[in-house]
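Each chain, letter by letter, is given below.
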Amino acid sequence: MKELKITNQEYHKLRDIVYENFGINLTEAKKQLLVSRLQGVLRKYGFKNFESYYQYVVHNRDGNALSELIDQISTSYTFFYREKEHFDFFINTVLSEITDKLRQENSNDIRLWCAGCATGEEPYTIIMLMMNYLKERYNSWNSGILATDISNEALDYAKEAVYPKDRMGQLSQDIVKKYFTIVKDEDYKLIDRVIKEVTFRRFNLMNTDFPFKTKFHVIFCRNVMIYFDAKTRSELINRLADVLLPGGYLFVGHSESVETNYNFEYVRHAVYRKK
Ligand SMILES: C[S@@+](CC[C@H](N)C(=O)[O-])C[C@H]1O[C@@H](n2cnc3c(N)ncnc32)[C@H](O)[C@@H]1O
């Protein structure tokens, strides 16, 4: 099938909506990649050129067109127990700090947010490790986790909670046995007890308004900011700081960093604490 071509003007228009909505700066070098990735979407809707596709995206009110566009640009690649040291630090150090503090405050509300959760492996890993560590004490805490992403496709996958073997990462056999069942001979389905602890919502991190009633103890925003330019990243980090409790933790991806002149101090590799 012949590839639909893009004009410079069409590319610049698409580039502008991508930047405005997602903070992602598409350079000229990304042009061919975007054109190839969007071929399927244009064919699906029967658009004959990129201008008609652009008009569809800007006039679509429910956000689905934007969600489909970001799916072609960013990757939802993730797996269970990715960057394992983070989870170990969370369980062995951060969790007991939070529960000690909550006991003093006579509260049992552990507030966790996984921002850019993709297909769900990250929030589910956190819940399984917490359940495994706290055992029957898990139920005495009102924990659970909010997990958000811009991609509807990724969120639908996450809610299904069925994963192929290559997504299982370094989860121990013990955890796999406890929290998964095998379906269709070779896929792994999470048990309902874990699934119901994660609340999945669509949320664009570019929103200037973060509408959370209560602040978080911990935010995981890992391997999301790699797509953003410096300005977008710094604005997002400020918004994340606003919704973290003082002393709360921010985990970013291992190849990402936060400048410590923000509201954060460095704790260890890719882990920061709100001052
Ligand atoms: C590579 S995945 C990271 C998944 C997981 N956090 C991890 O570290 O394995 C990046 C995710 O960020 C999401 N994302 C990109 N831009 C976003 C935005 N503006 N708002 C919310 N999510 C976004 C993508 O849809 C994708 O699912």
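A quick note: this is a predicted structure, and the numbers were derived from the prediction, not measured.

Peer 1: When you look at the site of the ligand in this model, what are you seeing that I'm missing?
Peer 2: Taken together, 20 residues lie around the ligand, and Thr78, Arg82, Gly116, Asp149 and Asn223 are the ones closest in. Residue Glu122 places a side-chain N or O atom 3.0 Å away from a nitrogen atom belonging to the ligand. In this structure, Asp149 approaches the ligand through a side-chain N or O atom, which is 2.6 Å from an oxygen atom. Relative to its unbound accessible surface of 610 Å², the ligand loses 99% to contact with the protein.

Peer 1: For this particular structure, what's the right way to read the sheet that holds strand E5 (residues 187-190)?
Peer 2: Across a sheet, paired strands are connected by hydrogen bonds in the backbone, their directions being either parallel or antiparallel. Strand order in the open sheet formed by three strands is E3-E5-E4, and the pairing between neighbours is antiparallel. At either end of the open sheet lies a strand with only one pairing partner, and these are strand E3 (162-163) and strand E4 (180-183). Where E3 meets E5, two bridges bridge the pair, whose relative direction is antiparallel. Looking at the pairing, Val162 lines up with Lys189 of E5.

Peer 1: I'm lost on the sheet that holds strand E7 (residues 216-221) in this one. Help?
Peer 2: Across the sheet, seven strands lie side by side as E6-E2-E1-E7-E8-E10-E9; this open sheet has mixed pairing. Each end of this open sheet is capped by a strand with a single partner; those strands are strand E6 (198-202) and strand E9 (264-268). Going across the sheet, the axis of each strand differs from the next one's by a mean of 20°, ignoring polarity. As judged from the five bridges shared by strand E2 (residues 145-149) and E6, these two strands associate in the parallel manner. Of the residues in E6, the one forming a bridge with Asp149 is Arg202. Along the sheet, helix H7 (residues 152-160) makes contact with E2 and E6, crossing E6 at roughly 160°. Against the sheet, helix H10 (residues 230-242) contacts strand E1 (112-115), E7, strand E8 (244-252), E9 and strand E10 (271-274), and its axis sits at roughly 135° relative to E8.

Peer 1: Just checking my understanding: could you explain the domain arrangement of the protein for this structure?
Peer 2: Taken domain by domain, the protein consists of domain 1 (8-73) and domain 2 (84-274). Across the boundary between the two partners, domain 1 contributes 12 residues, which contact 12 residues of domain 2. Summed over both sides, the interface of domain 1 with domain 2 buries roughly 920 Å², with 42% coming from carbon and sulfur. Seen at the junction of domain 1 and domain 2, the total is zero salt bridges. Inspection of the domain 1/domain 2 interface yields six residue pairs in polar contact (both at pLDDT 80 or more). When residues of the side of domain 1 that touches domain 2 are traced back to their parent elements, those giving at least two are helix H1 (8-22) and helix H4 (64-73). With four residues, the single largest contributor to the side of domain 1 that touches domain 2 is H4. When the residues that make up the side of domain 1 that touches domain 2 are grouped by side-chain class, the tally is four nonpolar, six polar and two charged.

Peer 1: Quick question: what am I supposed to make of the pattern of salt bridges here?
Peer 2: A side chain with one charge can pair with a side chain of the opposite charge if their charged atoms come near. With the rule as written, the count across this model stands at 13 salt bridges. In this structure, the salt-bridge partner of Glu83 is Arg222, at a minimum N-O distance of 3.7 Å. Of the two residues, Glu83 sits in the loop between H4 and helix H5 (84-104) while Arg222 sits in the loop between E7 and H10, which places them 139 residues apart along the sequence. Across the pair Glu122 and Arg222 runs a salt bridge whose closest N-O atoms are separated by 2.4 Å. Taken together, the residues Glu122 in helix H6 (residues 121-134) and Arg222 in the loop between E7 and H10 connect sequence positions 100 residues apart. Residue Glu122 is classed as buried on the basis of its relative accessible area of 5%. Overall, Arg222 belongs to the buried group, its relative accessible area being 4%. Where salt bridges share partners, they join Glu83, Glu122 and Arg222 into one cluster.

Peer 1: Which parts of the structure should I look at to understand unusual backbone geometry?
Peer 2: Across the chain, the bulk of peptide bonds are trans and the bulk of non-glycine residues have phi less than zero. The backbone phi angle of Ala118 is positive, close to 50°, even though this residue is not glycine. Within the element layout of this structure, Ala118 appears in the loop between E1 and H6. For Ala161, which is not glycine, the phi dihedral falls at a positive 60°.

Conventions adopted
Residues numbered from 1 in each chain as written. Predicted model: local features only at pLDDT ≥ 70, side-chain atom pairs only at ≥ 80, totals over all residues. Heavy atoms only, no water. Near = heavy atom within 4 Å. Polar contact = N/O pair within 3.5 Å; in protein donor to acceptor, adjacent residues only side chain to side chain. Areas by Shrake-Rupley, 256 points an atom, 1.4 Å probe, with all protein chains shown as cover. Pairing = 2+ DSSP bridges. Helix = DSSP H or I, 4+ residues; strand = E, 2+ residues; numbered from the N terminus. Axes fitted to C-alpha atoms, helices over the stretch in contact; angles between N-to-C directions. Contact = heavy atoms within 4.5 Å. Domains from an automatic or database assignment. Buried area = accessible area lost by both parts, 1.4 Å probe. Salt bridge = Lys/Arg side-chain N within 4 Å of Asp/Glu carboxyl O. Nonpolar A, V, L, I, M, F, W, Y, C, P; charged D, E, K, R; others polar. Buried < 20%, exposed > 50% of the residue type's maximum accessible area, 1.4 Å probe, protein only.

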